[in-house]
Amino acid sequence: MTGVGTQDSGDQPLLAASAISKRYGSLLANDAIDLVIRPGEIHALLGENGAGKSTLVKILYGLIAPDSGQIMWRGAPLVLSGPAEARHHGIAMVFQHFSLFDTLSVVENVALALPPEPLAALSERVYRVSRDYGLDLEPGREVWRLSVGERQRIEIVRCLMQNPKLLILDEPTSVLSPTETSGLFRTLEAIRGEGRSVLYISHKLEEVRVLCRSATVLRHGRKVASCDPSRESAASLARMMVGEDIHDVQVKPHRGDGAERLGVRQLNRASPDPHGTSLADVSFSVRAGEIVGIAGVAGNGQDELFSALSGEVSSLPEAVCIDGQAVGAKGIVARREYGAAFIPEERLGHGAAPGFTLSENVLVSQHGKQGFVRRGVLDRSALRDCLAAIRQRFDVRAGEADPPARALSGGNLQKFIVGRDIMGAPRLVIVAQPTWGVDAGAAAFLRQSLVDLAEQGAAVLVISQDLDELFELSDRIAVLSRGRLSPALPRGQQTRESIGLMMGEAMREVAHAPHA
Amino acid sequence: MMIFEAILLTIITAATPLLLAAIGEVVVERSGVLNLGVEGMMIMGAASGFAVAILTGSSLLGVMAGLFAGMAMSLLFAALVLGLAANQVASGLALTIFGLGLSGLVGFPFVGAKREAMAHLYLPYLSDLPFFGRVIFGQDPLVYIAFALVVAVALIISRTRAGLILRAVGENHHSAHALGHNVRQVRLLAILFGGACAGLAGAYLSLVYTPFWTPGMTAGRGWIALAIVVFASWRAGRAVIGAYIFGGVSILQLHAQGFGLGVPAQALAALPYLTTIIVLFALSRLPRGSSRAPACLGQPFLPAR
Ligand SMILES: Nc1ncnc2c1ncn2[C@@H]1O[C@H](COP(=O)(O)OP(=O)(O)O)[C@@H](O)[C@H]1O
Ligand SMILES: [Mg+2]
């Protein structure tokens, strides 16, 4: 890569962290990590879930103080008292878990991160910047009405508007569509061209290979390698992260001649939110032993579909059938009794109660099963045993035996949630974004779990934005766009292009729709 | 005419302390802090205000003393909930109990002392308006101050950057902290403002409403102010409606007893609370968003370092 570091300070690193350590109880989250970022480079920070990436960048952003180690910023020692000081020096960060204010509007959320400026002028700027970067936003909308993908866009736009010298992105593309991702990449290239630097955390190794010319790899809190990702293969990068080879998901072709497990007939649901997407005449079925994938860009009715299937909102009784029984008007517990399991997209708050311990979170979704409650009294030891089994089988890593859900890193929490529901041996699984923000090794493991489940005769429905994932897993794939579902065709009859086109078409229409 | 003027006048005097205390608590709760010590701060304002007014003979100094007494109490609360991240409910209750006790001590030498109520301020021209002009625009200065505070707080919360930061801190203190805002400093200022308002409300009671001191004279008004904040769904403007409903009903119920209406006084006295329940129910039916309690209300904040 030429043209990097055109300034006189070209040889001096922008940021050089040395021997950074941070301990949480018995867990050494960061163990003497060194990291050097040069001006005008996009530097990748790689590692499995729980490797300590988020901890390290939070230290660089001043959110948490390291136990030891030092940071040099443009040649001078930097001791951060808090995020305000980091931002003052020109360090901005997009968080893995959102840091937005739900009841405030998009522009208010942006304003809180910038120096004072009249909101009207700022709205204009937010609109323009987001448009320029292909990250469309409506400045006036309140955050709680927005999808996960849209929220992520706010975070990114908010950082870009701060004109940072170093932009830290903690897994920014996990929830972005392919178009949004390529828009972001163009933005990051532009930022790099201006001599700024980016510290980029992602599990999508192909992305990293395209975007980054330098990388630092962490494993279990230690720095294990630094390399030029463009000279590595995705497999060799993954090997550095995990320390061993990642196995491909073993999929046996052609399953799904079993009986219909999930039948959806003309499911209609007007979205209560005027900006939401209403479901229109959605019909499909999932048979025992098959995996059906639903592709689509976030905000095209995925949340509405999931909540209608899980029973969080009810529909006409016949619109949703499990094993031929009309359950459309029944709630989530009743549907679970038919052997269904539901794994939502949002982990903290929806999939798990953040302040509850893991064993309590097991109880919340599995109560009534497996004798966790006896004569109205909780059997804590049975819960702990179950948790230990989940943690062992699904390799959930955390500092303590039974930590609160919020203390887990994103991927470990996802492994826990998926594990919790799969351990109950469900006959029907409906899962949204099963591997969102999960490292390659864990993602392969989670996908294999879903495949195995289908092989054992369960029906599996996967709602995902990740086309690679859907092509790897699904027997049939349908596309959800603007609340309408295309017919679910066998994987062999479709290509990434044909599906991408259907998804993209929908998105372009959305982007050009007049803003209300 | 005379009787209506008299009733209106007493309603205004009954509503003003409620409004003052409520407007302060609106700001406190918007920052994510639940201060249940309003009653304690209020009664300290009443005792100190009356004591200083008797000693100096100045109503103005009395009012200032009430204000600072409320602030001092709230500083104590802030030290507990911000400095030590103590439980806000327990700290607030303790503050009320402490205030009720301490005010008895402060006010003890002044039991039985008497002074004139604060002079009224007749706004030129406006107080000459026909009908209620003289009542509405011929009030003591604190009534005008209360309304000025409502307008100022409403505008600051909805229109200014300071108000935006206040709302942000109450909505999600972790995010506000991550964006570099000083959560505890914002909350400290909000708590002090709440204390000043409660102290002012107390001084109003002992200097205007009943110009003498008796222990326990706030008689639960601090709690009503807390109910008004919920009734107002954390909006400054709606606090006026709440304060006047609560104040009005408490007065009308007295007059109703005087007229010998067939309705039991207790039923009338319960009206404001019934209204609160109905309003809360109606609010809970609204979609998420503006009418809900601040999401971080009552949660202690300790930045993870
Ligand atoms: N506040 C905390 N308390 C206890 N353990 C924590 C805390 N934050 C992170 N951890 C632990 O530190 C390890 C590293 O976490 P993290 O930096 O989030 O990993 P990554 O971002 O690489 O997935 C994980 O095992 C996680 O459980
Ligand atoms: Mg992380």
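The structure this text deals with has already been given above.
Everything quoted here is computed from the prediction, not taken from an experiment.

### Topic: the overall build of chain A
Now for step 1: Along chain A, the regular secondary structure elements total 16 helices and 23 strands.
Now for step 2: In terms of its C-alpha atoms, chain A occupies a principal-axis envelope of roughly 70 × 55 × 45 Å.
Now for step 3: Considering chain A as a whole, with its 516 residues, one finds that 56% of them fall into the buried category.
Now for step 4: Across chain A, every contact between residues at least 6 apart in sequence was considered, and the portion connecting residues at least 24 apart equals 67%.
Now for step 5: As displayed, chain A has an accessible area near 20,800 Å², and 51% of this comes from carbon and sulfur atoms.

### Regarding a nonpolar patch on the surface
Residue and element names in this part refer to chain B.
Now for step 1: On the surface, L271, L274, I277 and I278 cluster together to form a nonpolar patch covering roughly 390 Å² of accessible area.
Now for step 2: Within the secondary structure, I278 sits in helix α12 (residues 265–285).
Now for step 3: When its relative accessible area of 53% is taken as the criterion, I278 is described as exposed.

### Some remarks on the pairing of strand β20 (residues 459–463) of chain A
Residues and elements named next belong to chain A.
Now for step 1: Here β20 lies mainly inside the structure; 5 of its 5 residues are buried.
Now for step 2: Side chains A459, L461 and I463 of β20 all project onto a buried face; the interleaved residues V460 and V462 project onto the opposite face, where all are buried too.
Now for step 3: Pairing between strand β13 (residues 291–295) and β20: 4 bridges, direction parallel. Paired with I291 across the two strands is V460, which belongs to β20.
Now for step 4: Regarding topology, helix α14 (residues 440–455) serves as the crossover connection from strand β19 (residues 428–432) to the parallel β20, and that connection is right-handed.

### Section: the environment of B:V208
All names here are of chain B.
Now for step 1: As for its position among the elements, V208 is in helix α9 (residues 183–209).
Now for step 2: Once the C-alpha coordinates of V208 and D140 are considered, the two residues, 68 residues apart in sequence, prove to be 8.0 Å apart.
Now for step 3: Those residues in contact with V208 that lie beyond four places of it in its chain are T13, A117, M118, D140 and A203.

### Quick look at helix α1 (residues 53–60) of chain A
For the α-helix, the turn length of 3.6 residues means that residues three or four positions removed from each other point alike.
Residues and elements named next belong to chain A.
Now for step 1: Of all 8 residues in α1, 7 are buried; the element is thus mostly enclosed.
Now for step 2: Among all positions of α1, only K53, S54, T55, L56, V57, I59 and L60 are buried.
Now for step 3: One or two residues past the end of α1 sits G62, with phi positive at roughly 80 degrees.

### As for the state of the cysteines
Residues and elements named next belong to chain A.
Now for step 1: Under the definition given, this model contains 0 disulfides over all chains.
Now for step 2: C212 takes part in no disulfide bond, and the closest cysteine sulfur, belonging to C227, lies 9.8 Å away.
Now for step 3: For C212, a relative accessible area of 0% translates into the label buried.

### Thoughts on the pairing of strand β1 (residues 15–24) of chain A
All names here are of chain A.
Now for step 1: Of the pairings in the sheet, the one linking β1 to strand β2 (residues 27–37) comprises 7 bridges and is antiparallel in character. Residue pairing across strands places K22 opposite N30, the latter belonging to β2.
Now for step 2: Linking β1 to β2, which pair antiparallel, is a turn of 2 residues; within it G25 sits at a positive phi near 60 degrees.
Now for step 3: As judged from the 5 bridges shared by β1 and strand β4 (residues 68–73), these two strands associate in the antiparallel manner. Pairing of A16 across the sheet is with M72, part of β4.

### Some thoughts on the interface of chain B and chain A
Now for step 1: Facing 19 residues of chain B, the contacting portion of chain A comprises 29 residues.
Now for step 2: Inspection of the region where chain B meets chain A yields 1 salt bridge.
Now for step 3: The residue B:R167 makes a salt bridge to A:E108 at a minimum N-O spacing of 3.2 Å.
Now for step 4: The tally of links between chain B and chain A comes to 9 residue pairs in polar contact (both at pLDDT 80 or more).
Now for step 5: Of all the secondary-structure elements, those providing two or more residues to the side of chain B that touches chain A are α7 (161–171) and α8 (173–178) of chain B.
Now for step 6: Considering every element that reaches the side of chain B that touches chain A, the biggest residue donor is α7(B), with 6 residues.
Now for step 7: Class assignment of the residues belonging to the side of chain B that touches chain A gives a composition of 8 nonpolar, 6 polar and 5 charged.

Reading the values: the criteria
- All residue numbers refer to position in the chain's written sequence, counted from 1.
- Here the convention is simple: chains get letters from A, ligands get numbers from 1, in the order in which they are written.
- Totals for whole chains, interfaces and linings use all residues, but because this is a predicted model, local features are given only for residues with pLDDT of at least 70 and pairs of side-chain atoms are given and counted only at 80 or more.
- Only hydrogens and water are removed before side-chain values are computed, so all heavy atoms of the structure are retained for them.
- Numbering of helices and strands runs from the N terminus, with a helix taken as a DSSP run of H or I at least four residues long and a strand as a DSSP run of E at least two residues long.
- The cut-offs for exposure are 20% and 50% of the maximum accessible area for each residue type, with area from a 1.4 Å probe on protein chains only; residues under the lower value are buried, those over the upper are exposed, and the others partly exposed.
- Contacts between residues were defined by any pair of non-hydrogen atoms, one from each residue, lying within 4.5 Å.
- Shrake-Rupley sampling with a 1.4 Å probe provides the accessible areas, and residues are treated as covered by the protein chains on show and by no other component.
- Patches here: salt-bridge-free residues with over 30% relative accessible area, like charges joined within 9 Å, nonpolar side chains (Val, Leu, Ile, Met, Phe, Trp, Tyr) joined within 5 Å.
- Put simply, a salt bridge is a Lys or Arg side-chain nitrogen that is within 4 Å of an Asp or Glu carboxyl oxygen.
- A pair of strands is labelled paired if DSSP reports no fewer than 2 bridges between them.
- With strands facing away from the observer, any crossover in which the path from the first strand over the helix to the second runs clockwise is taken as right-handed.
- The disulfide definition used here is simple: a pair of cysteine sulfur atoms within 2.5 Å.
- Polar contacts here mean pairs of N or O atoms no more than 3.5 Å apart (in protein, one a potential hydrogen donor and the other a potential acceptor; neighbouring residues in sequence count only if both atoms are side-chain atoms).
- Any residue outside Ala, Val, Leu, Ile, Met, Phe, Trp, Tyr, Cys, Pro, Asp, Glu, Lys and Arg is labelled polar, Gly included; the first ten of those are nonpolar and the last four are charged.

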